[in-house]
Amino acid sequence: MPALTVGFDLDMTLVDSRPGIADTYRALTALTGVHVDAEAAVSRLGPPLRTEIARWFPPEQVDAAVRTYRELYPAYAITPTVPLPGAREAIDAIRARGGRVLVVTSKLGRLARLHLDHLGLAVDELAGDLFAEEKATALREHGATHYVGDHVADMVAARAAGVPGIAVATGPCTADELRAAGAEAVLDDLTGFPAALDGMIRLALGQ
């Protein structure tokens, strides 16, 4: 029987980072003079930063804008971010069953670590700067038995890693979209995770 090892996405799965990310985009606009609709940007969190930046900046400015955003991020995005409902309890439930916790996110690892440390969310492994199928590499490397996320791309990652994808409808994707992307289970949020975990373990073991 494989050891229970649950991977989580970060933004809008474990934490609500929208206020801080919006503040970072506003600071980017103030510094560069290029308008970014911060509210629109945070309504579609999930894909890599470059994808969003490219909506607003001309191609030759994207790399510099990404660097500037990441320089601004620690000052603007960390303090306003809060755990989503049930996040701490979900981690505790895994630990209570002798399991390990991973975070696999499209955010740079060093920025993701700032969020986890600030909020006191203790995880065993962190892999950043990965999206969709790229996440599967980290999930396999660390022996993940499940992957939990809020985006259809997270369900793609779980499928590519050969583990059940557990979806939470707390991000930009609807429950129906998440099911269509291959989610084995869809929760309203992580508050339902501890009660569902034992069934998820059986699912991962094919029982």
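Anything mentioned here points back to the structure above.
Thresholds, definitions, all that
- Residues numbered from 1 in each chain as written.
- Predicted model: local features only at pLDDT ≥ 70, side-chain atom pairs only at ≥ 80, totals over all residues.
- Heavy atoms only, no water.
- Helix = DSSP H or I, 4+ residues; strand = E, 2+ residues; numbered from the N terminus.
- Rg over C-alpha atoms; globule rule 2.2 N^0.38 Å.
- Buried < 20%, exposed > 50% of the residue type's maximum accessible area, 1.4 Å probe, protein only.
- Areas by Shrake-Rupley, 256 points an atom, 1.4 Å probe, with all protein chains shown as cover.
- Lys, Arg positive; Asp, Glu negative; His and termini not counted.
- Charge placed at Lys NZ, Arg CZ, Asp CG, Glu CD.
- Salt bridge = Lys/Arg side-chain N within 4 Å of Asp/Glu carboxyl O.
- Pairing = 2+ DSSP bridges.

**Student:** Got a minute to help me understand the overall build of the chain in this structure?
**Tutor:** A tally of helices and strands in the chain yields 10 helices and 8 strands. Relative to the compact-globule value of 17 Å for 207 residues, the chain shows a C-alpha radius of gyration of 17 Å, a close match. Reported as C-alpha extents along the three principal axes, the dimensions of the chain are approximately 55 × 30 × 30 Å. Residues classed as buried in the chain amount to 49% of the 207 residues present. Carbon and sulfur atoms provide 51% of the accessible area of the chain, an area that totals close to 9,000 Å². Put simply, the chain has 19 plus and 27 minus side-chain charges, and the middle of one group is 2 Å from the middle of the other.

**Student:** Would you explain unusual backbone geometry in this entry?
**Tutor:** Peptide bonds are mostly trans, and most non-glycine residues show a negative phi. Located in the positive-phi region is M12, a residue other than glycine, with phi close to 65 degrees. Tracing the backbone shows M12 in the loop between strand 1 (5–8) and strand 2 (15–16). Owing to a relative accessible area of 3%, M12 belongs among the buried residues under this scheme. Even without being glycine, A132 reaches a positive phi, approximately 50 degrees.

**Student:** Could you clarify how one ought to interpret the pattern of salt bridges in this entry?
**Tutor:** Pairing between side chains becomes possible if they bear opposite charge and their charged atoms approach one another. Applying the stated criterion across every chain, the model contains 14 salt bridges. Across the pair D9 and K135 runs a salt bridge whose closest N-O atoms are separated by 3.2 Å. Note that D9 is positioned in the loop between strand 1 and strand 2 and K135 in helix 7 (residues 133–141), a separation of 126 residues in sequence. Taking the relative accessible area as the measure of exposure, K135 reaches 1% and is therefore buried. Here R44 ties to E52 by a salt bridge, and the two come within 2.8 Å at their closest N and O atoms. A single network of salt bridges, built from pairs that share partners, joins D9, K135 and D154.

**Student:** How should the pairing of strand 1 be read in this particular structure?
**Tutor:** Within a regular beta strand, the side chains point alternately toward one face of the sheet and then the other, so they alternate between its two faces. Both faces of strand 1 are covered, namely the face carrying T5 and G7 and the face carrying V6 and F8. Alignment of strand 1 against strand 4 (residues 100–104), held across 4 bridges, turns out to be parallel. The partner of V6 across the bridge, within strand 4, is V101. The pairing of strand 1 with strand 6 (residues 146–149) spans 3 bridges and is parallel. The partner of V6 across the bridge, within strand 6, is H146.

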